[in-house]
2 protein chains.
Amino acid sequence: MTDISKLGEFGLIDRLTKDIKPKNDSTIYGVGDDCAVLNYPDTRVLTTTDMLMEGVHFDLTYITMQQLGYKAAMVNLSDVFAMNGSPRQLLVSLAVDKRFDVESIDDFYTGLRQACDKWNVDIIGGDTTSSRTGLAISITCIGEAQEKDIVYRNGASETDIICVSGDLGAAYMGLQLLEREKNIFYEQYDALSQKVKKAEKSGDKDALKALSSEEEALRMYQPDFAGKEYIIDRQLRPEARGDIIAQLHEANIHPTAMMDISDGLSSEILHICNQSHCGCRIYENKIPIDYQTAVMAEELNMNVTTCALNGGEDYELLFTVPIGDHEKLNGMDNIKQIGYITKESLGKMLITRDGNEFELTAQGWNPLKH
Amino acid sequence: MTDISKLGEFGLIDRLTKDIKPKNDSTIYGVGDDCAVLNYPDTRVLTTTDMLMEGVHFDLTYITMQQLGYKAAMVNLSDVFAMNGSPRQLLVSLAVDKRFDVESIDDFYTGLRQACDKWNVDIIGGDTTSSRTGLAISITCIGEAQEKDIVYRNGASETDIICVSGDLGAAYMGLQLLEREKNIFYEQYDALSQKVKKAEKSGDKDALKALSSEEEALRMYQPDFAGKEYIIDRQLRPEARGDIIAQLHEANIHPTAMMDISDGLSSEILHICNQSHCGCRIYENKIPIDYQTAVMAEELNMNVTTCALNGGEDYELLFTVPIGDHEKLNGMDNIKQIGYITKESLGKMLITRDGNEFELTAQGWNPLKH
C-alpha cells in the first residue's frame, strides 16, 4: 500500500488523471490549469453539486471505495437527467484522512470513471486535499440541454399524470439490511473481545488460541445476501436513469415537471406540487415496489408503502406528463402512472388500498434533522 | 441562537437564498431545482472547484465565519481571474457539525455574498448537509472568457518577462502571527487551568474567585495586532486580483501564461515552466515584499525571501508577458517584473542578492505532505 504523502498532491493528481481523454466536444481543456475550459454555444449549461460526508452519507464498513466513487458520480448525473439534460463534465473534490492510501483513492476513481464512461462524461478537474477526520467528497456535474427541452419542477398542471420510473423503497431496504448485518457483526465482535479479555486474565492459552481463530473467521465473514442482491445493489450501486430520459425522448413525451427521487417520493412530489402551485392524488396500490423490497420490509416488520414513500436514495425519476400522453406511456414497462395532479386547494393526498385519504407529509431523509 | 434542525435542510436553504437575485445574463435559473441553468452562447465557460476542510485549511480559533465565507469565495474567483476570465456563478456546499447554529451559517453567507457582490457573481446553488466532525466547504466557480483572451499556464516562451502583482509572503506571515498568538493563549489557559485545579483541591475559595475573574479576562483577551493589520488581513481576508486583470486589459497587455499564487511563488513558477517547457531566472531583489512582512519575518527569525517564495495563500497573479510589453508595465505600480523566461536547459534559477544562483524547488504548502 502506498502512502499518499509519497506522491504529494500533484503526483496524486497526475496518477489519477493522466490517461483521461476528453470525449465531448464541449470539453476544450480539462485537468491541469486554474480552470477547465468548456464550450456551449448552442445549448443551456446545467450545473449541480453534491457533498457526501463519511458517517453521514456513507459507511465504509459496507460500501467499497469503488462503489462509493460510482455512487458519488451517479447521484450527480441523476440531477442532470432530472432536468431532461445530458451530463457532460464532472469536477471531483476529495478530502482524505490518514487511513487512506493511494490504492484506495485509485479504487474511488475506478468507480467514478465507470459511472462517467457509462454516460460519456469527462472528468475535468477538482481538488484533492487532506481531512483531519473522515472522508469528504464533493462532486459538481455540468451538463447541457436545449432550452425548449429543459424540464423544471414548476411546470405541472391540473390533470397531468404523475409517473415514476423503476421501483421505490429498494435502496432504503438495502440500507436497513446492511445496517442490521453490521450490528450483528459488531455484537459478535464485542462478545468475542470480552471472551479474549477473560482468557487473558486467567492465562488460558488454549482458550486464547481457539478465540484467535474464531476472531480470524469473524473477520473473514461475509453476510449471505442471496435473494437480496437487488436491494443491496440499489443501495450500493444506484443507477442514474438516463435510459428513461432517452425512452421519453424517443416516444416524443415531454414531461411538464420532473425531478429525481433522492429524499423519498413524498418529499419530492411535495416539491413539484409546491413549485407548480397544485395538488396531487397518489394511489398507494400504483406505487411500484420490487418483490425483494416487500420481502425485506415484511422481515423487518416495516410498512412497505411507508418505505417506498419516505425511503431515500432510489434515484428514480418522478415526472408529470399531459393527460394526452396516457396511451404512449402504457407501453413502457419501467414507467408507472401513480396518480395525477389536481387543483392546489384539493391538497396533496395519498389514496390507500382501502380507499382512505391521507395528506402526504415529507418525512424524507434529512441529515440536518438527525 | 437557532438550532439548524429547527429549520431543516430546505428551511435553511430558503433562509440563505431567498433574497438572491441573479445579476448576470448568463444566469437563467439559480437555486431551486435539480440543476441551475446557464447560458453561454458566445464565450468559453471556465470552471474551478476548491475544498476547504476545518483543521487543515482554516482554524476557527482565529477566522470568523464571515471572513471564512469571504475567503472561500475569493479563492475560487482568483482561479477564474488567473485564466484571464470573469467569474459569473458560484455553487457552494457546506457540511456542518453540531457546533454550528443557523446564525453562524448566516455569517458565512454574509461573507460569501460580500465577495460575490464585489465581483457581480451569482450564487446559483449548492448543497447544505451535516458532518460528523468539523466544517467542510466546497465551492465551484463558473466564469467566462473569449477563447482568444484565455491565458493558460503553458504559453510562456523564452525572453518573456515574469511578473507578479501586489506583494508576496504576507499571508504566510499573518498565519505565523495568528498561530503564535493562539499558542500563547492556550499556554496561558493551560497554566490557569492548573492553578484552578490546585485551588479546588486545597478548597481555597478566595483563590478560586480570583482565578475565575482571571479566566474571564483571558477569555475576553484580544491580541494587539497594531502595526500588523496588513499581514493579518492578507491571511484572513484575501482579495482576488480582478483589478489586475482589468488593468492589463486596459493597457492592452495579453499575458502569455498566468496562474494565481496559492501554494507559493516557487511552486507556481515551476508549474508555468514545466507546462511551457522552459526555464526561468527570478531575481531575489525584485520580489515585492511589504514592510510588515519583512518586520514580522525579522521578529520570528525567518528568512523573508524564503517566506515570499514558499508561503502560500497570497492569491496574487503570476504571469509572463512578451518582452515588448516592458515599457507598458513600467507605469504600473502594483505589478513587479521579477525575472524572465529562458530555454528549458538553463534550469529554473533564483539569483540571490549577492549574485549566487540556486535551483528553485517547490516547498510550497502541501497539506497532503503533512
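Nothing here was measured: the structure is a model prediction, and the numbers come from that model.

*Asks:* Before we go on, may I ask you to explain the packing of aromatic side chains in this structure?
*Replies:* All names here are of chain A. Inspection of every chain in the model, using the stated rule, returns 12 aromatic pairs over all chains. The interplanar angle of 70 degrees and the centroid separation of 4.9 Å between the aromatic rings of phenylalanine 81 and tryptophan 119 together place this pair among those described as edge-to-face. On the criterion of sequence distance, the pair formed by phenylalanine 81 in helix H2 (residues 65-81) and tryptophan 119 in the loop between helix H3 (102-118) and strand E5 (122-130) is long-range, its members being 38 residues apart. Where tyrosine 283 meets tyrosine 340, the ring centres are 6.2 Å apart and the plane angle is 35 degrees; that geometry is what we call tilted. Linking tyrosine 283 in strand E9 (residues 279-283) with tyrosine 340 in strand E11 (residues 335-342), this pair joins segments that are 57 residues apart in sequence.

*Asks:* Teacher, can you tell me more about the sheet that holds strand E9 (residues 279-283) of chain B here?
*Replies:* Across a sheet, paired strands are connected by hydrogen bonds in the backbone, their directions being either parallel or antiparallel. All names here are of chain B. With mixed pairing, 7 strands are arranged side by side in an open sheet as E8-E10-E7-E11-E9-E12-E13. The outermost strands of the open sheet, each flanked by one partner alone, are strand E8 (257-261) and strand E13 (357-359). On average, each strand axis in the sheet is tilted by 25 degrees relative to the strand beside it, whichever way the strands run. Pairing between strand E7 (residues 161-165) and strand E11 (residues 335-342): 5 bridges, direction antiparallel. Within E11, the position partnered with cysteine 163 by the bridge is glutamine 337. Against the sheet, helix H8 (residues 265-276) contacts E7, E8, E9, strand E10 (316-321), E11 and strand E12 (348-351), and its axis sits at roughly 155 degrees relative to E8.

*Asks:* I'm lost on the relation of the copies chain A and chain B in this one. Help?
*Replies:* Note: a rotation about an axis with an accompanying shift along it relates these two copies of the chain. For the match of chain A to chain B, the screw axis carries a shift of 0.0 Å, the RMSD comes to 0.0 Å, and the turn is 180 degrees. This pairing of chains is accounted for by a two-fold axis. Relative to the rotation axis, the C-alpha of proline 41 of chain A is the closest in chain A, positioned 2.0 Å from it.

*Asks:* How should the interface of chain A and chain B be read in this particular structure?
*Replies:* Buried accessible area, meaning the area lost when the parts come together, often serves as the stated size of an interface. Contact residues are listed per partner, giving 70 residues for chain A and 71 residues for chain B. Both faces combined, the contact of chain A with chain B buries some 5,600 Å², and carbon together with sulfur accounts for 56% of it. Run the count over chain A and chain B and you get 4 salt bridges. On the surface where chain A and chain B come into contact, there are 21 residue pairs in polar contact (both at pLDDT 80 or more). For the side of chain A that touches chain B, the element with the most residues is strand E3 (residues 44-53) of chain A, which contributes 9 residues. When the residues that make up the side of chain A that touches chain B are grouped by side-chain class, the tally is 33 nonpolar, 23 polar and 14 charged. Alignment of E3 of chain A against strand E2 (residues 36-39) of chain B, held across 4 bridges, turns out to be antiparallel. Among the inter-strand pairings, leucine 46 of chain A is bridged to a residue of E2 of chain B, identified as valine 37 of chain B.

*Asks:* How do you make sense of helix H1 (residues 4-17) of chain B when you look at a structure like this?
*Replies:* The periodicity of an α-helix, 3.6 residues per turn, causes residues three or four places apart in sequence to face the same way. Residue and element names in this part refer to chain B. Look at H1: only 15 Å from first C-alpha to last across 14 residues, short of the 20 Å you get at 1.5 Å a residue. At phenylalanine 10, H1 shows its maximal bend, which comes to roughly 75 degrees. Buried residues of H1: Ile4, Gly8, Glu9, Leu12, Ile13, Leu16 and Thr17, and no others. On its buried face, H1 is in contact with strand E4 (86-96), helix H3 (102-118) and strand E5 (122-130).

*Asks:* Hey, could you run me through the pattern of salt bridges in this one?
*Replies:* One side chain can pair with another of opposite charge once the charged atoms of both are near each other. Residue and element names in this part refer to chain B. Per the counting criterion, the structure on display carries 51 salt bridges over all chains. Put simply, glutamate 299 and lysine 228 hold a salt bridge, and the shortest N to O gap is 2.9 Å. In this pair, glutamate 299 sits in helix H9 (residues 291-299) while lysine 228 sits in the loop between helix H5 (205-220) and helix H6 (229-236), placing the two residues 71 residues apart along the sequence. According to the relative accessible area criterion, glutamate 299 is partly exposed, its value standing at 39%. For lysine 228, a relative accessible area of 17% corresponds to the buried category. Salt-bridge contacts for arginine 241 lead to aspartate 243; the nearest nitrogen and oxygen are separated by 2.9 Å. Shared partners join several salt bridges into a network, and the residues in it are Asp167, Arg234, Arg241, Asp243, Asp314 and Glu316.

*Asks:* Quick question: what am I supposed to make of the pairing of E11 of chain A here?
*Replies:* Where a strand is regular, its side chains alternate between the two sheet faces. Residue and element names in this part refer to chain A. Counting buried residues in E11 gives 6 out of 8 residues, a clear majority hidden from the surface. Sheet analysis places E9 next to E11, joined by 4 bridges and oriented antiparallel. When the sheet's bridge partners are listed, glycine 279 is paired in E11 with threonine 342.

*Asks:* Where do I start with helix H6 (residues 229-236) of chain A in this structure?
*Replies:* When we look at burial in H6 of chain A, the residues that qualify are Ile231, Ile232, Arg234, Gln235 and Leu236 of chain A. Of the surrounding elements, those touching the buried residues of H6 of chain A are H2, helix H4 (170-202), helix H9 (291-299) and strand E10 (316-321) of chain A.

*Asks:* Would you mind showing me how to read the sheet that holds E5 of chain A here?
*Replies:* Reading across from one edge, E5(A)-E4(A)-E6(A)-E3(A)-E2(B)-E1(B) is the order of the 6 strands in this open sheet, with mixed pairing throughout. Among the strands making up the open sheet, the edge pair consists of E5 of chain A together with strand E1 (27-29) of chain B. Strand-to-strand, the axes of this sheet are offset by a mean angle of 25 degrees, without reference to chain direction. As paired elements, E3 of chain A and strand E6 (residues 136-145) of chain A share 10 bridges and run antiparallel to each other.

*Asks:* Sorry, what's going on with empty space enclosed by the protein here?
*Replies:* Inspection of the entire model under this criterion finds 2 cavities of 30 Å³ or more. Size it by volume and the largest cavity reaches roughly 80 Å³. When its residues are assigned to classes, the lining of the largest cavity shows 4 nonpolar, 4 polar and 2 charged. As a volume, the second largest cavity reaches approximately 60 Å³. Residue lining of the second largest cavity: Met53, Ser131, Arg132 and Thr133 of chain A together with Met53, Glu54, Thr133, Gly134, Leu135 and Ala136 of chain B, and that is the complete set.

*Asks:* Where do I start with unusual backbone geometry in this structure?
*Replies:* Excluding glycine, residues mostly have negative phi values, and the peptide bonds linking residues are mostly trans. Residue and element names in this part refer to chain A. Despite not being glycine, asparagine 252 has its phi angle at roughly 60 degrees, a positive value. With respect to the element layout, asparagine 252 can be found in the loop between helix H7 (242-250) and strand E8 (257-261). Despite not being glycine, glutamate 313 has its phi angle at roughly 70 degrees, a positive value. Residue position: glutamate 313 is located in the loop between helix H10 (304-310) and E10.

Cut-offs and rules
Residues numbered from 1 in each chain as written. Chains lettered and ligands numbered in written order. Predicted model: local features only at pLDDT ≥ 70, side-chain atom pairs only at ≥ 80, totals over all residues. Heavy atoms only, no water. Phe/Tyr/Trp six-rings, centres within 6.5 Å; stacked < 30°, edge-to-face > 60°. Helix = DSSP H or I, 4+ residues; strand = E, 2+ residues; numbered from the N terminus. Pairing = 2+ DSSP bridges. Axes fitted to C-alpha atoms, helices over the stretch in contact; angles between N-to-C directions. Contact = heavy atoms within 4.5 Å. Least-squares fit on C-alpha atoms with pLDDT ≥ 70 in both. Buried area = accessible area lost by both parts, 1.4 Å probe. Salt bridge = Lys/Arg side-chain N within 4 Å of Asp/Glu carboxyl O. Polar contact = N/O pair within 3.5 Å; in protein donor to acceptor, adjacent residues only side chain to side chain. Nonpolar A, V, L, I, M, F, W, Y, C, P; charged D, E, K, R; others polar. Expected span 1.5 Å × (residues − 1). Bend = angle between axes of the 7 residues up to and from the residue. Buried < 20%, exposed > 50% of the residue type's maximum accessible area, 1.4 Å probe, protein only. 1 Å grid on protein atoms, 1.4 Å probe; cavity = no way out; pocket = protein on both sides within 12 Å on 5 of 7 lines; lining within 4 Å. Points joined across faces, edges and corners; volume = space filled by probe spheres on them.

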